[in-house]
Amino acid sequence: MPTRKPDFDPAQPPLLPVSRRSVLQAIGISGTAAALGNGLAQAAPAPGQAPAYQEPGAQALTFTVNGQQQTLNVDPRTTLLDALRERLQLTGTKKGCDHGQCGACTVHVNGRRVNACLSLALMHEGDAITTVEGLGSPEQLHPMQAAFVEHDAYQCGYCTSGQIMSAVALANEPHGRSDGEIKEAMSGNICRCGAYSHILAAIKTAQA
Ligand code: FES
Ligand code: FES
């Protein structure tokens, strides 16, 4: 029975002395451009300038965040929450459920509370956004922040910025001031640590 010739004999020299490097050199692609791959290579920037990355399909958005005008190019699918956290590094606003169920992402849009995970960034052209970073500072806390500290109204703290943003917005909403009415008005903000009684006490102190 004849023996089958092996497909590859390591003792033999290669048919073509071709390396990956020689192929790239032959077709004139530099190592950097090759690394960019699949059409992402861009025109070379001017000397001393970083290349501007443009997301495919991105659109310009100009809005005011914590009193500062910001202009971003954002993918139309970007939520306000991701624009704040990922693009502006305002990570005080938390992502809990990302589905409008927990309130951790609450910010103010033109003074009204909004779940930032349920709102597309591009819907906010020209709007004034306030995040917890824009309420007060460690040296000068907003009265609601000070009340939360005074009443120990948090444990892990993950829900706290959303609780505070909701509580501050509540002051401009037509709601009653009884315990039950405050609880109802704050019911979109979940605290899995169960700090509700302390949160209620803090809100009542700040509203007094
Ligand atoms: Fe937006 Fe939970 S992260 S409601
Ligand atoms: Fe932990 Fe509210 S303090 S979730």
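The shown structure was predicted, so the numbers you read here are calculated from the model rather than taken from an experiment. (Residues numbered from 1 in each chain as written. Chains lettered and ligands numbered in written order. Predicted model: local features only at pLDDT ≥ 70, side-chain atom pairs only at ≥ 80, totals over all residues. Heavy atoms only, no water.)

### Some thoughts on the nonpolar core
Formed by 21 residues in total, the largest nonpolar core has its most connected members in Met144, Phe148, Ile164, Ile182, Met186, Ile199 and Ile203. Sorting the residues of this core by element identifies helix H4 (143-150), helix H5 (160-170), helix H6 (179-185) and helix H7 (196-207) as the ones contributing at least two each. In terms of residues, this core owes the most to one element, H5, which gives 5 residues. Once residues within four sequence positions are removed from consideration, Phe148 is found in contact with Ala153, Tyr154, Thr160, Gln163, Ile164, Ile199, Ala202 and Ile203. Of all hydrophobic cores here, the second largest spans 18 residues; its members include Val65, Leu84, Leu90 and Val107. (Core = buried A, V, L, I, M, F, W, Y, C linked by side-chain atoms within 4.5 Å. Buried < 20%, exposed > 50% of the residue type's maximum accessible area, 1.4 Å probe, protein only. Helix = DSSP H or I, 4+ residues; strand = E, 2+ residues; numbered from the N terminus. Contact = heavy atoms within 4.5 Å.)

### Focus: the confidence of the model for the protein chain
The predicted structure's coordinates, where accompanied by low pLDDT, should not be read in detail. Of all residues in the protein chain, 74% attain a pLDDT of 70 or more, and the chain-wide mean is 84. This model gives residues 14-18 a pLDDT under 50, and the stretch forms 1 contact once residues within four places in sequence are excluded. Here residues 20-43 is modelled with pLDDT under 50, and outside its nearest four sequence neighbours on either side it reaches 10 contacts, counting other chains as well. (pLDDT = per-residue confidence, 0-100.)

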